[in-house]
Structure formats: structure tokens, C-alpha cells
Number of protein chains: 2
Amino acid sequence: MFYEPEQSMIKIRPFAEENWAATWRIIEPVFRAGETYAFGPDITEEEAHKVWVEVPSATFTAADEANNVLGTYFIKPNQPALGAHVCNCGYIVAENARSKGIASEMCKHSQREAVSRGFRAMQYNLVVSTNKVAVRLWKRHGFEVIGTLPKAFRHPQLGFVDAFVMYKQLVT
Amino acid sequence: MFYEPEQSMIKIRPFAEENWAATWRIIEPVFRAGETYAFGPDITEEEAHKVWVEVPSATFTAADEANNVLGTYFIKPNQPALGAHVCNCGYIVAENARSKGIASEMCKHSQREAVSRGFRAMQYNLVVSTNKVAVRLWKRHGFEVIGTLPKAFRHPQLGFVDAFVMYKQLVT
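Conventions used here
Residues numbered from 1 in each chain as written. Chains lettered and ligands numbered in written order. Predicted model: local features only at pLDDT ≥ 70, side-chain atom pairs only at ≥ 80, totals over all residues. Heavy atoms only, no water. Patch = residues over 30% accessible without salt bridge, like charges linked within 9 Å, V, L, I, M, F, W, Y side chains within 5 Å. Areas by Shrake-Rupley, 256 points an atom, 1.4 Å probe, with all protein chains shown as cover. Salt bridge = Lys/Arg side-chain N within 4 Å of Asp/Glu carboxyl O. Lys, Arg positive; Asp, Glu negative; His and termini not counted. Charge placed at Lys NZ, Arg CZ, Asp CG, Glu CD. Helix = DSSP H or I, 4+ residues; strand = E, 2+ residues; numbered from the N terminus. Buried < 20%, exposed > 50% of the residue type's maximum accessible area, 1.4 Å probe, protein only. Pairing = 2+ DSSP bridges. Axes fitted to C-alpha atoms, helices over the stretch in contact; angles between N-to-C directions. Contact = heavy atoms within 4.5 Å. Phe/Tyr/Trp six-rings, centres within 6.5 Å; stacked < 30°, edge-to-face > 60°.

Concerning a negative patch on the surface
All names here are of chain A.
Here's step 1: Residues E17, D42, E46, E47 and E54 make up a contiguous surface patch of negative charge.
Here's step 2: Among the secondary structure elements, E46 is positioned in helix α2 (residues 45-54).
Here's step 3: The class for E46 is exposed, based on a relative accessible area of 67%.

Now the structure itself:
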């Protein structure tokens, strides 16, 4: 067990448009930094809304008791029809709310959500190898590194770095 | 070396709309069979045109000397901006033109095309494990199985089967 002091205060709810401004405030600096997601650091707010809210099957926000949005994730099929039983998720936690177990809560929530939506597995396609916090977290939640993509991510500071494909079967 | 009797007769050219009917004739039975691509076996011609011609960066056809289209492939970035230096391709050879080296010719052509377009690696995301001819062929052309996705493909006859992520660095 690991200590998650504030997890009981976190409520995860389906995304509502009225929370877009707060959601964008969280995801914009992460996209701009370009260290963990492949989206262009110059992504526009409109494009970000598309990839985070419109394209996915569903998006969620994690908020504290005062309704401050501290995290968000999306879920979508990773492939078309004959691969659509495997989902893909993306998670972002606000910079000032890290290390409080919010990503863990969202990961667990997303796995329950995936099963209830009929998905049988979850796949992360491009986990940047230098994002050690994420790799450790996903492993703790039962994801395996099934392979390493050599130099598949262009890191703004580090250049071409490896990325991992991570996978977890939810229904066996 | 392996014997490719008719490869010298094959010309690979950029796709032209006038070849769509011939291209659809080749790819339709493969999509309908649902054994190798994740696209739904009930895909419409319009959807197929979108995924094979409109979404990709480029599409090519392989034709014999009499201009019969015998094969086709597409090339596109596999991820957005910071992963867009890795491309993805899909290849299909007409049922009556298999085992003549056409897939090999298209694979070699696509690697040259990828490099000339600035891609540094090529990734196949979902190579169905039961498609042994393809797996053998891609290995012969320098692709490695970097990982196995358990039960990631829903095969119409065999049920959930494993799929491979295959990868080749083109520029190191």
C-alpha cells in the first residue's frame, strides 16, 4: 500500500463543457512542454478540445471538494472495429496537484470505466521512456511494457528518445 | 536471395483517382474477410476510400505492364507532431497475384519513400499473429517484433488472437 492523503477528497465525473476552461488550463502547459504527449507544443486550444474531448468516447475530470479541476483523462478505442475491444486513455494532472494520488485514482477509474464500456484491454501506445513517474505508476497499476520503440519520441530537450508500448488485459 | 519472377514487370506509382475502382476491387475482399486489418468487415466503399486514400499522406499502386493494379499501399505518420517522424504503412496484394514478390517490392518502395519524406522509422501497430506470411515477410525486410499485444485482434474465425507491434529504424 502507498499513502494517498487526499484521494478521498477527489471526485471523478464525466467532463462537462463548462469545465473546458479549467481542463485546458491543466493540459495546455503539458502539451506546451512537449515532454510526455506527442501533440505539437504549438497545438491550438481548438485542436486540443478536439483530441481531448471530441475524438474520445468519453472524457472525465477529477476535482476536489471545492470543485477545482485537478486532473482529467479520456478513453477511446485504440483501433477500429476488430481492434476496438482494446481502449486507449490519456491522463493529465495539474502541475500543482501532483504526487497526491490523483493519477492513480484516474487510472483505477478508467479501468472500471473501460470494463463497463465493454473494453477487454487497455493500451498506451507511446509512453515516453524519460517519463519515469508515469512508467512506474502504470506498472504499479498492472500495466506491462510489452515493447520498446527505439527513438520513437522527439523530446524537445533530449532529442529522439525511446517510447514504450504498455498494455493491460482487463478481461481474460 | 529468393526468386521473384515478375518483380521487374511491376511498376509502383502514386495513386490516381482513376485507379480507385481497381484498388477497391483489391482491398474490399481483404477488409470483408477481416483476418488481417482491424477495419470493420462491413466497411463501406466511402469509408475505405477515406482510410486508404484520404487520411494517409500518400497512397501507391503496383501494376503490371498491362496496367492491371495488383497491389496498393499507403504511408502516413503514426503519431502527431513529436511522434510524426515514425511512419505507418498498410499493404494489400490482389488475391490472384500473391507470392510473386509484389508485397516485397511495395515494402522496399515504402521504405525509400519514407526516408525521402523525412521519416526515420516505420511501425506496424497491429500485425495479426495468425498472418504468418506477413510476419515472415516484414522480418525478412528488417522489421522486428518489438512486442506482443495479447488478444488485441478479434479474428472472425479464431476469436481473440495476439497481435504484434513491428518496427524498423530507417535512419539511425
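Structure shown, so let's carry the discussion forward.
Structural notes on the pattern of salt bridges
Residue and element names in this part refer to chain A.
Here's step 1: Considering all chains together, one arrives at 6 salt bridges over all chains under this definition.
Here's step 2: The shortest N-O distance in the salt bridge between E105 and K108 comes to 3.2 Å. Of this pair, E105 and K108 both sit in helix α3 (residues 102-116), 3 residues apart, which is roughly one turn of the helix.

Digging into the sheet that holds strand β2 (residues 58-63) of chain A
All names here are of chain A.
Here's step 1: Overall, mixed pairing links the 7 strands, which are arranged β1-β2-β3-β4-β5-β7-β6 in an open sheet. Unpaired on one side and paired on the other, β1 (11-14) and β6 (144-155) mark the two borders of the sheet. Each neighbouring strand pair of the sheet contributes to a mean axis angle of 25 degrees, computed without reference to strand direction.
Here's step 2: Both strand β5 (residues 121-128) and strand β7 (residues 159-169) contribute to a ladder of 6 bridges, which runs antiparallel. Within the sheet, the bridge partner assigned to A121 lies in β7 and is Q169.
Here's step 3: Across the face of the sheet, helix α1 (residues 20-33) comes into contact with β2, β3 (69-77) and β4 (86-93) while running at roughly 80 degrees to β3.
Here's step 4: Each of β1, β2, β3, β4, β5 and β7 is contacted by α3, which is oriented at about 30 degrees to β3, the strand it contacts most.

Notes on the sheet that holds strand β6 (residues 144-155) of chain B
Residue and element names in this part refer to chain B.
Here's step 1: What the 7 strands build is an open sheet, ordered β1-β2-β3-β4-β5-β7-β6; its pairing is mixed. Looking at strand neighbours, the two that pair on one side only are β1 (11-14) and β6, the edges of this open sheet. Neighbour to neighbour, the strand axes of the sheet diverge by 25 degrees on average, direction disregarded.
Here's step 2: One ladder, built from 6 bridges, connects strand β2 (residues 58-63) with strand β3 (residues 69-77); its direction is antiparallel. Each residue of the ladder has a partner; that of A63, found in β3, is V69.

Points about the packing of aromatic side chains
Here's step 1: A full pass over the atoms with the stated rule returns 28 aromatic pairs over all chains.
Here's step 2: A ring pair is formed by F60(B) and Y73(B), whose centres lie 4.9 Å apart and whose planes are at 15 degrees; its orientation type is stacked. Here the residue F60(B) occupies a position in strand β2, and Y73(B) occupies one in strand β3, the gap between them amounting to 13 residues. Comparing F60(B) with Y73(B), the two get one shared label, buried.
Here's step 3: Both rings, one in Y124(B) and one in F143(B), keep their centres 4.5 Å apart while their planes meet at 20 degrees; by these two values the pair is stacked. Taken together, the residues span a long stretch of sequence, with Y124(B) in strand β5 (residues 121-128) and F143(B) in the loop between α4 (132-140) and β6 at a distance of 19 residues. Each member of the pair, Y124(B) as well as F143(B), is classed as buried.
Here's step 4: Every member of this aromatic cluster is reached through a ring pair, and the members are F60(A), Y73(A), Y91(A), Y124(A), W138(A) and F143(A).

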